[in-house]
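Per-entry structural report
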Amino acid sequence: MSDSTRRHVMSAAALGAAATLAAPAGAQPAPPQARGGTSDPRSKHPRPPFPVQSQPWPGLAGRMQPRPDHGETSYVGSGRLRGRKALITGGDSGMGRAAAIAYAREGADVAINYLPAEEPDAREVVELIRAAGRKAVAIPGDLRGEDFCKRLVADAVRELGGLDIVVSNAGRQQARGSILELSTEDFDATMKTNIYAPFWIIKAAVPHLQPGSAIVATTSEQAYDPSPDLYDYAQTKAATMNFVKSLAKQLGPKGIRVNGVAPGPIWTPLQISGGASEGKVVTFGATSPLGRPGQPAELAGIYLRLAEDDGSYTTGNIYGAGGGQGQP
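Below you will find a few notes about this structure. Since the model is a prediction, treat every value here as computed from it, not as a measurement. Counting from 1, residues in each chain are numbered in the order their sequence is written. In keeping with the predicted nature of the model, local features appear solely for residues at pLDDT of at least 70, side-chain atom pairs appear and are counted solely at 80 or more, and the whole-chain, interface and lining totals rest on all residues. Note that the side-chain values use all heavy atoms of the structure and ignore hydrogens as well as water.

**Description of unusual backbone geometry**
Which entries qualify depends on this criterion: By the criteria applied, helices consist of DSSP H or I runs no shorter than four residues and strands consist of E runs no shorter than two, each listed in order from the N terminus.
Of the consecutive residues Pro48 and Pro49, the connecting peptide bond is found in the cis state with omega at 10 degrees. Mapped onto the secondary structure, Pro49 falls in the segment before strand S1 (85-89). Cis geometry marks the peptide bond from Gln65 to Pro66, where omega comes out at -5 degrees. With respect to the secondary-structure elements, Pro66 resides in the segment before S1.

Below, the structure written as structure tokens:
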């Protein structure tokens, strides 16, 4: 299979099998720092230029320079999701990992989906969830298959003992300078990952969701201000924005909220594994008014807000975090 999907290629043996991963021996996450105070958003996190780097798809956060910040040492919880049960696709790195850390530290049990190739990152997330005193469920698998998406939800419900938060975050992004370079296989992989998979997962999850449940989807600034080299990815993110608004109207009468997050340039493995050219990686985020890319940790609070009960009147909305660019 050529140019495989970031979150969605797996071995037949792993397909559909939910597994709680063992934590790496001897590895202990640093305790979270206390909240409070202010910081200059321009210098809070690394600024370009960054080292020239690339990884085979799907890429690992643990091998990036600088390593992304998902809130491992900074996110402090206060019980805002106590007793909740969440399924997060793409939970090994990027915004999915940031959400998983935040949710666990806020009291939720968390199931994550990811590629088998991303297991080193996933093991770290599992350890962080456990360190927060919550149950961690790891479910590797290929979201481009409807049967697996159904099993993913069933396994999450069984292992967690229910489900009331679904974060549809996994995505495929591969830059192509021209539509002439975009194969039908590429186009189909992006559509299956970014549009079909959320449809299959949400459809399977809705019968398990009770009033007060929340669905959170990751869209993008690309839905509003598409880049010329992300032709297929950008249109899937516009579709995500619209399904959020449509589904919110459909599920509101059932007491289920649906919202979206629209990141701008965020430092994740998507960028160094084909989502951006090596030249763009070096200067990634430099065009934002803050002069740097965002870190996944900077979006964790948005994913929390859209899932917690205090946000009970927020549905059908798109929350942007673009560092001053894009139009969410």
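From this point, things continue past the structure.
**Quick notes on the environment of Arg172**
With respect to the secondary-structure elements, Arg172 resides in the loop between strand S4 (165-168) and helix H4 (184-205). A C-alpha to C-alpha distance of 9.0 Å links Arg172 and Pro58, two positions 114 residues apart in sequence.

**Looking at the pattern of salt bridges**
Note the threshold: Salt bridge, as applied in this entry: a Lys or Arg side-chain nitrogen positioned within 4 Å of an Asp or Glu carboxyl oxygen. Throughout, exposure labels follow a simple rule: accessible area from a 1.4 Å probe, protein chains only, divided by the maximum for the residue type, with under 20% read as buried, over 50% as exposed, and the rest as partly exposed.
Evaluated as defined, the whole model comprises 18 salt bridges. The salt bridge partner of Glu159 is Arg158, with a shortest N-O separation of 3.6 Å. With a relative accessible area of 24%, Glu159 lands in the partly exposed category. Arg158 gets classed as exposed once you look at its relative accessible area, which sits at 52%. The closest approach of N and O atoms between Arg172 and Asp186, which form a salt bridge, is 3.5 Å.

**Some points on the side chain of Ser213**
Test applied: Between N or O atoms, a polar contact is any pair within 3.5 Å; within protein, one atom must be a potential hydrogen donor and the other a potential acceptor, and residues adjacent in sequence are included only when both atoms are from side chains. Residues count as neighbours in contact if any of their non-hydrogen atoms are within 4.5 Å of one another.
In this structure, Ser213 sits in the loop between H4 and strand S5 (214-218). Residue Ser213 is classed as buried on the basis of its relative accessible area, which comes to 1%. A polar contact is formed between the side chain of Ser213 and the backbone oxygen of Gln210, at a distance of 2.7 Å. Discounting residues that sit within four places of it in the chain, Ser213 has contacts with Arg84, Leu163, Asp164, Gly255, Ile256 and Arg257.

**Structural notes on helix H5 (residues 231-251)**
Basically, it comes down to this: An expected span of 1.5 Å times one less than the residue number is assigned to each helix.
In this model H5 runs 30 Å from its N-terminal to its C-terminal C-alpha over 21 residues, within 8% of the 30 Å that 1.5 Å per residue would give. Burial in H5 covers these residues: Asp232, Tyr233, Ala234, Thr236, Lys237, Thr240, Met241, Val244, Leu247, Ala248 and Leu251. For H5, the elements touching its buried residues are H4, S5, strand S6 (257-263) and strand S7 (318-321).

**What about the nonpolar core?**
In plain terms, the rule: What makes a nonpolar core is a set of buried Ala, Val, Leu, Ile, Met, Phe, Trp, Tyr and Cys residues whose side-chain atoms join them at distances within 4.5 Å.
Among the nonpolar cores identified, the biggest contains 34 residues, and Tyr103, Val110, Ile112 and Tyr303 are the most heavily contacted of them. For this core, the elements supplying multiple residues, two or more each, are S1, helix H1 (94-105), strand S2 (109-114), helix H2 (119-131), strand S3 (136-140), S4 and helix H8 (300-307). Per element, the largest residue contribution to this core is 7 residues, and it comes from H1. Once residues within four sequence positions are removed from consideration, Ile112 is found in contact with Ile88, Gly91, Ala100, Ala122, Val125, Val126, Val137, Ala138 and Ile139. One finds Leu143, Leu152, Leu163 and Leu251 within the second-largest nonpolar core, a separate group that totals 33 residues.

**A few points about the packing of aromatic side chains**
Note the following rule: Each Phe, Tyr or Trp ring (for Trp, its six-membered ring) is paired with any other whose centre lies within 6.5 Å, and the angle between the two planes then decides the class: stacked below 30 degrees, edge-to-face above 60, tilted in between. By definition, being over a ring means that NZ of Lys or CZ of Arg is both within 6 Å of the ring centre and within 35 degrees of the ring normal.
What the rule picks out here adds up to 3 aromatic pairs. Of the aromatic side chains, those joined through ring pairs into one cluster are Phe50, Trp267 and Phe284. Taking NZ or CZ as reference, Lys192 lies 5.6 Å from the ring centre of Tyr196, over its face.

**Observations regarding the packing of H1 against H2**
Which entries qualify depends on this criterion: Where helices are involved, their axes are fitted lines through C-alpha atoms of the stretch in contact, as for all axes, and angles between N-to-C directions lie from 0 to 180°. By the definition adopted for this analysis, an angle is roughly parallel if under 35 degrees, roughly antiparallel if over 145, roughly perpendicular if from 65 to 115, and oblique otherwise. By definition, turning the near helix anticlockwise from the far helix through less than a right angle yields a left-handed crossing, and turning it clockwise yields a right-handed one. Classification used: nonpolar for Ala, Val, Leu, Ile, Met, Phe, Trp, Tyr, Cys and Pro, charged for Asp, Glu, Lys and Arg, polar for all others including Gly.
As a packed pair, H1 and H2 sit with axes 9 Å apart at the nearest point and diverge in direction by 15 degrees. Put simply, H1 runs roughly parallel to H2. Between H1 and H2 lies a crossing whose hand is right-handed. Taking contact as the criterion, the partners of Arg97, Ala100, Ile101, Ala104 and Arg105 in H1 are, on H2, Asp121, Glu124, Val125, Leu128 and Ile129. A breakdown of the residues in the contact of H1 with H2 according to their chemical character gives 6 nonpolar, no polar and 4 charged.

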